[in-house]
Amino acid sequence: MAVHLRKYLRLNKLPHIWCPGCGHGIILNSLIRAIDEVGLDQEKTVVVSGIGCSSRATGYLNFNTLHTTHGRAMAFATGVKLGNPDLNVIVLSGDGDSAAIGGNHLIHAARRNIDITTVVFNNNIYGMTSGQYSPLTPKGAYGTTAPYGNVDQAFNLCDLMISSGASYVGRGATYHAKQLTTLITSALDHKGFSFVEGISQCPTYYGRRNNLKTAVDMLQWQKDVTIKKKAAEKLSPEEQQEKIMIGELHKVADRPEYVEEYEKVIEKVSKKEGTTG
Amino acid sequence: MSEKKPQLIQGNEACVKAAIAAGIKFFAGYPITPSSEIAEGLAEELPKVSGRFIQMEDEIASMGAIIGGSLAGAKSMTATSGPGFSLKQENLGFAAMAEVPCVVVNVQRGGPSTGAPTLPSQGDMMQAKWGTHGDHPAIALCPASVRETFDLTVRAINLSEKYRTPVVLLIDEVIGHMRENVVLPTQDELEIVERKKPAKDLDNYLPYKADDDMIPPMANYGEGYLFHVTGLSHDETGFPDLKNPDVIGGLTERLVNKVEDNKDDIVEYSTENLDDAEVVIVAYGSAARTAATAMDQAREKGIKTGLITLKTIWPFPEEILTDLLKDVKTVVVPEMNLGQIKGEIKNCINLSQNIVGVNRVDGELITPAEILEAIVKEES
Ligand SMILES: Cc1ncc(C[n+]2csc(CCOP(=O)(O)OP(=O)(O)O)c2C)c(N)n1
Ligand code: SF4
């Protein structure tokens, strides 16, 4: 790691608790590179997480950090942003944390288009609680609570975010770490609700049960299954089904941002008060 | 400041006025009867003072949001009722553990479950103490009039800032919706407490190192201190240390003791006619109003009756009540629940003393006649 990036880490909290081969560290690395690229003021940046392996990331980051309850990071983050809109707010969350227990908060934050950047560490499984299926576990895949293969249909989180109103949506993968950094950089640069799904590997609980025994197998799987958005558009719908689209999937510049809209209310009220009071 | 005039307002409106007067700058909530006027009032008032209001997607989110808002430096509150209060419990525990000042107003309604939405109840007294998991500090206040709703809202906000802990204001539907002619204090008559700040030593800040008063100074996010906040059991640095039983136990005990050991400062109550009383009614909220009438009627019948009105429910004023009740024959506890606080008062008397509850859980008010009947029955 480039030496100047060390200031973003709480070096005394390392080594991290993640298993050998876990993808979460790669996403963390992409995140601090992106933060550096954008030049966020460390003192004015708050990183909020929920509960899960992924959510332990806040402990390693040398910012104002907030490790909340399972699924609720987005709600706490919304309060931080409204409590002091000068703060940059970043949410880090797992696929279970954000899409199961926290699903409601996630879609509503997207709907409001509040200026928060969210990075979901998607390892397709509940890692911290040792391998139960998550809302992003593919149908048919195995988990400790899906011993005969998962019956549930998986979410396409990026599609969900686009339809909920997020104004920036991207998907990357730990295999494509450079691209992931670029996506998070664009998300941080974006005003409004920005969302990046980072496909991560959990060799310990997902890989082992799903015939991807090592981290290398899992990264190879990522390489095979991911496809750039442009290339995907040339495929038939059936062929697209087999692939996971990565890259910048959605970006709109003209959606009003929540905090700015509320500031207009404050302005309107103070003008009215001024003339009558 | 405008001159003091009587105004005809509801308890819920008094709560809104008090919140603004005490410096609340952020409210997050989800509508529920009979608390909604508080959200509606603050939606109107907060932008006037450059504060912010948000209607969240549910109560869990609202509780999380006010914790975030408070950490970012804004005095924060939410308001709800029964089922919503249940939803807030996990994050209420977080606020206690992470020592985040905030206020939760619960305008109680009948339960369990969706219960009796528009009807009065005092059914959440125990939930305010034991609703979240684990041992934790609890401060809960209970107003008995519209004016007291104003005073105790200010006090709840002050106590939360002073003790760095969530404070619950337990209003009942009668007080929340009742209109009374009140004269409110002017801004300069109010004492407003601000959170204790750390010395400007950015590199050596220990966010959870308590002073002698058991309360750690609190930095806000964005003030230059980079610190970690978690709901996990943590040491003075704010980071989890689950290998050290002393750290885990020490933290839990400090959190509880910073409230329990400061009862002198936190507990408020009032007394009437205790000097010669053989019967004492202990009541809170709207039941205390009824009790006052019953006390007068009992006195007219020649039964020496007194009244203790509790404004602070948690921490429970056990020592004070033990002392005040030591010479009385009978204690009467009217409650719009099946005896939640009566159980606590039982610990304050001895076996030779009687204790009787007057209880209703049917959405109806307790009448003076019912309390009087209980007194007469015990005394005959
Ligand atoms: C209210 C609540 N329910 C359940 C749990 C248990 N729990 C902790 S982490 C977790 C799942 C985490 O999975 P994910 O968000 O996918 O993150 P990962 O660990 O895979 O990175 C669960 C169910 C909890 N802590 N709190
Ligand atoms: S359990 Fe899985 S997600 Fe958690 S640290 Fe280990 S590899 Fe990573």
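So, a few notes on the structure that sits alongside this text. (Residues numbered from 1 in each chain as written. Chains lettered and ligands numbered in written order. Predicted model: local features only at pLDDT ≥ 70, side-chain atom pairs only at ≥ 80, totals over all residues. Heavy atoms only, no water.)

### Examining the overall build of chain A
Heads up, the rule is: Under the scheme used here, helices are H or I runs from DSSP no shorter than 4 residues and strands are E runs no shorter than 2 residues, and both carry numbers assigned from the N terminus. The globule rule used for comparison is 2.2 Å times the number of residues to the exponent 0.38, while the radius of gyration itself is calculated over C-alpha atoms. When a residue's accessible area, from a 1.4 Å probe over protein chains only, is under 20% of the maximum for its type it is buried; when over 50% it is exposed; and in between it is partly exposed. The contact criterion used is simple: two residues touch if any of their non-hydrogen atoms lie within 4.5 Å. Calculation of accessible area relied on Shrake-Rupley with a 1.4 Å probe; when residues are assessed, cover is drawn exclusively from the protein chains displayed. When charges are tallied, Lys and Arg are placed among the positive residues and Asp and Glu among the negative ones, while His and the ends of the chain are skipped. Throughout, a charge is located at the NZ atom of Lys, the CZ atom of Arg, the CG atom of Asp or the CD atom of Glu.
On a plain count of helices and strands, chain A comes out with 12 helices and 10 strands. Taken over C-alpha atoms, the radius of gyration comes to 19 Å for chain A, in line with the 19 Å a tight globule of 277 residues would show. Projected onto the principal axes, the alpha-carbon positions of chain A cover approximately 70 × 50 × 35 Å. Looking at chain A as a whole, 55% of its 277 residues are labelled buried. Contacts in chain A between residues at least 24 apart in sequence constitute 68% of all its contacts with a sequence separation of at least 6. Total accessible area on chain A is roughly 11,900 Å²; 53% of this is exposed by carbon and sulfur atoms. Each charge class in chain A can be summarised by its mean position, and for the 30 positive and 26 negative side chains these summaries are 4 Å apart.

### Structural notes on the sheet that holds strand β2 (residues 26–29) of chain B
As a general point, the strands of a sheet are linked pairwise by backbone hydrogen bonds and lie either parallel or antiparallel. All names here are of chain B. What counts, and what does not: Two strands make a pair as long as DSSP finds a minimum of two bridges between them. Between the N-to-C directions of two axes lies an angle of 0 to 180 degrees, each axis being a line fitted to C-alpha atoms and, for a helix, fitted only over the stretch in contact.
Strands sit in the order β3-β2-β4-β5-β7-β6-β13 across an open sheet of seven strands; the sheet is mixed. Strand pairing shows two members of the sheet lacking a second neighbour, β3 (52–55) and β13 (312–314), which therefore form its edges. Each adjacent strand pair in this sheet contributes to an overall mean axis angle of 20°, direction not counted. Two strands pair when backbone bridges link them, and β2 and β3 are joined in this way by four bridges, in the parallel orientation. Residue F26 lies in a different strand from β3, and its bridge partner there is R52.

### Focus on the interface of chain A and chain B
Under the convention used in this document: For any pair of parts, buried area is found by adding up, for both, the accessible area (1.4 Å probe) each one loses once the two are put together. Take a side-chain nitrogen of Lys or Arg and a carboxyl oxygen of Asp or Glu: if they are within 4 Å of each other, that pair is a salt bridge. Whenever a nitrogen or oxygen atom comes within 3.5 Å of another N or O atom, the pair is scored as a polar contact, on the condition that within protein one atom can donate a hydrogen and the other can accept it, and that pairs from neighbouring residues in sequence are kept only if both atoms are in side chains. Residues are grouped as follows: Ala, Val, Leu, Ile, Met, Phe, Trp, Tyr, Cys and Pro are nonpolar; Asp, Glu, Lys and Arg are charged; all remaining types, including Gly, are polar.
Chain A puts 40 residues into the contact, and the matching count from chain B is 37 residues. For the pair chain A and chain B, the two sides together bury roughly 3,200 Å², of which 61% comes from carbon and sulfur. Three residues, H67, F76 and Y262 of chain A, lead the burial of chain A against chain B; their summed loss comes to 16% of the area buried on that side. E57 of chain B serves as the salt-bridge partner of R112 of chain A, at 2.7 Å between the closest nitrogen and oxygen. Linking chain A with chain B are 16 residue pairs in polar contact (both at pLDDT 80 or more), by the criterion used here. Elements with a contribution of two residues or more to the side of chain A that touches chain B: α2 (57–60), β2 (64–67), α3 (73–83), α5 (103–112) and α12 (258–276) of chain A. Residues of the side of chain A that touches chain B, tallied by class, amount to 14 nonpolar, 17 polar and nine charged. When β2 of chain A meets strand β9 (residues 228–230) of chain B, the two strands line up parallel, connected through three bridges. Bridge pairing in β9 of chain B links T65 of chain A to H228 of chain B.

### Concerning the site of ligand 2
All names here are of chain A. What counts is decided by this rule: For this description, a residue counts as near a given molecule or strand if any of its non-hydrogen atoms is within 4 Å of it.
Neighbouring ligand 2 are the residues W18, C19, C22, H24, C53, N123, G127, C202, P203, T204 and Y205. No other element matches the three residues that helix α8 (residues 203–207) contributes to the shell around ligand 2. When its residues are assigned to classes, the shell around ligand 2 shows seven nonpolar, four polar and no charged.

### A word on the site of ligand 1
Around ligand 1, 18 residues are found, and the nearest of them are C53, D95, D97, N123 and G127 of chain A. The environment around ligand 1 is built from residues contributed by chains A and B. Within the side chain of D95 of chain A, an N or O atom sits 2.8 Å from an oxygen atom of ligand 1. Take G96 of chain A: an N or O atom from its main chain is 2.9 Å from an oxygen atom of ligand 1.

### Focus on the environment of P85 of chain A
Relative to the assigned elements, P85 of chain A resides in the loop between α3 and β3 (88–94). A C-alpha to C-alpha distance of 31 Å links P85 of chain A and H16 of chain A, two positions 69 residues apart in sequence. Ignoring sequence-local partners within four residues, the contact set of P85 of chain A consists of V259 and E263 of chain A together with R52 of chain B.

### Re helix α6 (residues 146–163) of chain B
Residue and element names in this part refer to chain B. Applied cut-off: Each residue after the first adds 1.5 Å to the expected span of a helix.
Helix length check: α6 (18 residues) gives 25 Å between terminal C-alpha atoms against 26 Å at 1.5 Å per residue, within 8%. Of all 18 residues in α6, 15 are buried, a share of seventy percent or more. In this structure S145 caps α6, since a side-chain oxygen of it lies 3.0 Å from the backbone nitrogen of E148. The first or second residue beyond α6 is R164, which carries a positive phi of 50°.

### What to know about the packing of helix α3 (residues 59–71) of chain B against helix α4 (residues 82–98) of chain B
All names here are of chain B. How we decide: Should an angle lie under 35 degrees it is considered roughly parallel, over 145 roughly antiparallel, and from 65 to 115 roughly perpendicular; all remaining angles are considered oblique. Note on convention: near helix rotated counterclockwise from far helix by under a right angle means a left-handed crossing. Clockwise means right-handed.
Contact geometry of α3 with α4 gives a least axis separation of 7 Å together with a crossing angle of 30°. With respect to α4, the element α3 is oriented roughly parallel. As α3 runs across α4, the sense of the crossing is right-handed. Across the interface between the two elements, E59, I60, S62, M63, G64 and I67 from α3 touch G84, L87, K88, N91, L92, F94 and A95 from α4.

### Quick notes on the pattern of salt bridges
Taken as a whole and assessed by the stated rule, the structure comprises 29 salt bridges over all chains. Taking the shortest distance from any N to any O, the salt bridge between K191 of chain A and D115 of chain A comes out at 3.8 Å. Of the two residues, K191 of chain A sits in the loop between α7 (177–189) and β8 (194–199) while D115 of chain A sits in the loop between α5 and β4 (116–122), which places them 76 residues apart along the sequence. Between R360 of chain B and E370 of chain B there is a salt bridge, with the nearest N and O atoms lying 3.2 Å from each other. On the criterion of sequence distance, the pair formed by R360 of chain B in the loop between β15 (354–359) and α13 (368–379) and E370 of chain B in helix α13 is long-range, its members being 10 residues apart. Salt bridges linked by common partners bring K81, D115, K191 and E260 of chain A together as one network.

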